Amino acid sequence: QLWVLVKIALIASEAFEGFEGHRKDKMDDHLPQFKMMHVEIADAIIRAFDLAGGLDVPLAEIIVAKLQYNSQRADHKLENRVKEGGKSV
């Protein structure tokens, strides 16, 4: 399904635009009251929600389950992240 790949690419492009906005410490062109990085995060989330909706993904249910799962993971605990070779924060 090409449309799925296109939407994933658009999510990635928003994330990269956020990267550039952060790297250059720019304000957004269209919403100048906000940092570009912050607007691009919002754009990536909007596009991700659009993709999830198009695929009938039960996103809220999955997010809750994933947060619960991650809260129990030893490698997600701060004390383990700061150790040598720990998972990046």
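Cut-offs applied
- Residues numbered from 1 in each chain as written.
- Predicted model: local features only at pLDDT ≥ 70, side-chain atom pairs only at ≥ 80, totals over all residues.
- Heavy atoms only, no water.
- Helix = DSSP H or I, 4+ residues; strand = E, 2+ residues; numbered from the N terminus.
- Expected span 1.5 Å × (residues − 1).
- Buried < 20%, exposed > 50% of the residue type's maximum accessible area, 1.4 Å probe, protein only.
- Contact = heavy atoms within 4.5 Å.
- Salt bridge = Lys/Arg side-chain N within 4 Å of Asp/Glu carboxyl O.
- Phe/Tyr/Trp six-rings, centres within 6.5 Å; stacked < 30°, edge-to-face > 60°.

Asks: What should I look at first to understand helix H2 (residues 36-54) in this one?
Replies: Turn by turn, an α-helix covers 3.6 residues, leaving residues three or four places apart pointing in a common direction. A rise of 1.5 Å per residue sets the reference length of H2, with its 19 residues, at 27 Å; its end C-alpha atoms lie 27 Å apart and thus fit the reference within 8%. Residues of H2 that are buried include every one of Met36, Val39, Glu40, Ala44, Leu51 and Ala52, and no others. For H2, the elements touching its buried residues are helix H1 (2-24) and helix H3 (59-72). Just downstream of H2, aspartate 56 is the residue with a positive phi angle, here 55 degrees.

Asks: I'm lost on the pattern of salt bridges in this one. Help?
Replies: Oppositely charged side chains can pair when the atoms bearing their charge come close. For the structure on display, the rule yields six salt bridges. Across the pair arginine 47 and glutamate 14 runs a salt bridge, and its minimum N-O distance is 2.9 Å. Placement of the pair is arginine 47 in helix H2 and glutamate 14 in helix H1, with a sequence separation of 33 residues. According to the relative accessible area criterion, glutamate 14 is buried, its value standing at 8%. One network of salt bridges, with partners in common, ties together Glu20, Arg23 and Lys24.

Asks: Where do I start with the packing of aromatic side chains in this structure?
Replies: In this description, an aromatic ring pair is defined by two values, namely the gap between the centres and the angle between the planes. Evaluation of the coordinates by the stated rule reveals one aromatic pair. With 5.6 Å between their ring centres and 20 degrees between their planes, phenylalanine 16 and phenylalanine 19 make a pair best called stacked. Placement of the pair is phenylalanine 16 and phenylalanine 19 together in helix H1, with a separation of three residues, close to one helical turn. When its relative accessible area of 48% is taken as the criterion, phenylalanine 19 is described as partly exposed.

Asks: Honestly, the environment of valine 57 in this entry has me stumped. Any pointers?
Replies: Along the chain, the position of valine 57 falls in the loop between H2 and H3. Look at valine 57 and you get partly exposed, because its relative accessible area is 32%. Not counting residues up to four positions away in its chain, the partners in contact with valine 57 are Ala52 and Ile62.

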